[in-house]
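Examining the three-dimensional arrangement
Single-letter residue listing:
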Amino acid sequence: MINSQEQKPSFRKPYKPQRQEASPQPCQHIKILDCNKPISRVFFECYHCRQGLLTECKGESPVQEYKVPCPTCGKTAIYLMTNEILSTTAIPSPWDR
């Protein structure tokens, strides 16, 4: 026998935060290859213009912070901790959107 008054399932209201979440901050793609070899390769995008870059560097101690300039926009593309920067080459971005 079917009940004429079917019970509807009760659902809770979805969680709604009290305040707005902060807007997302810009981020930067980076990939480090050959980090256990004398010369490492770092693929990354310029923080400002998203130009793809390849930097080769020596990773032996002692290390210091280097500002890597972007050849496209001229701004600091990334800060790297390394012993020495050997070269920086503009390439198509591997993360092209």
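Please refer to the structure placed before this passage.
Bear in mind that the values here come from a model prediction, so they are computed numbers and not experimental data.

1. Some words on the pairing of strand β1 (residues 30–33)
Two elements, β1 and strand β2 (residues 39–45), share 4 bridges in a ladder whose sense is antiparallel. Pairing of Ile32 across the sheet is with Val42, part of β2. Between β1 and β2, which pair antiparallel and follow one another directly, the connecting turn spans 5 residues, one of which, Asp34, has a positive phi of 60°.

2. Topic: the environment of Pro71
Within the element layout of this structure, Pro71 appears in the loop between β4 (64–69) and β5 (76–82). In sequence terms Pro71 and Thr89 are 18 residues apart; their C-alpha atoms lie 8.0 Å from each other.

3. Describing the nonpolar core
Ranked by size, the top nonpolar core spans 10 residues in total: Val42, Phe44, Cys46, Leu53, Cys57, Val68, Cys70, Ala77, Ile78 and Leu80. Here this core takes 3 residues from β5, the largest share from any one element. In contact with Val42, not counting residues within four places along its chain, are Ile30, Lys31, Ile32, Leu53, Leu54, Thr55, Cys57 and Leu80.

4. Regarding the pattern of salt bridges
Throughout the structure, instances matching the rule amount to 2 salt bridges. In this structure, the salt-bridge partner of Lys37 is Asp34, at a minimum N-O distance of 3.9 Å. Overall, the relative accessible area of 48% leaves Lys37 in the partly exposed class. For the salt bridge of Asp34 with Arg41, the shortest nitrogen-to-oxygen distance reads 3.0 Å. On the basis of relative accessible area, Asp34 is assigned to the partly exposed category, the value being 24%. Look at Arg41 and you get partly exposed, because its relative accessible area is 29%. Here the salt bridges share partners, and the residues they tie into one network are Asp34, Lys37 and Arg41.

The rules behind these values
- Residue indices begin from 1 for each chain and proceed along its sequence in written order.
- In view of the model being predicted, local features appear only for residues whose pLDDT reaches at least 70, and side-chain atom pairs are presented and counted only at 80 or more, with totals across whole chains, interfaces and linings using the full set of residues.
- The side-chain values count all of the structure's non-hydrogen atoms but skip hydrogen atoms and water molecules.
- Strand pairing requires that DSSP identify at least two bridges connecting the strands.
- Per the convention used, a helix needs a DSSP run of H or I reaching at least four residues, while a strand needs a run of E reaching at least two, with both numbered from the N terminus.
- Joining through side-chain atoms within 4.5 Å is the link that ties buried Ala, Val, Leu, Ile, Met, Phe, Trp, Tyr and Cys residues into a set, and such a set is a nonpolar core.
- We call a residue buried when its accessible area falls under 20% of the maximum for its residue type, exposed when it is over 50%, and partly exposed in between, using a 1.4 Å probe and counting protein chains only.
- Contacts: residue pairs with any heavy atoms within 4.5 Å of one another.
- Any Lys or Arg side-chain nitrogen located within 4 Å of an Asp or Glu carboxyl oxygen qualifies as a salt bridge.

The values are spatial; any link to function lies outside them.
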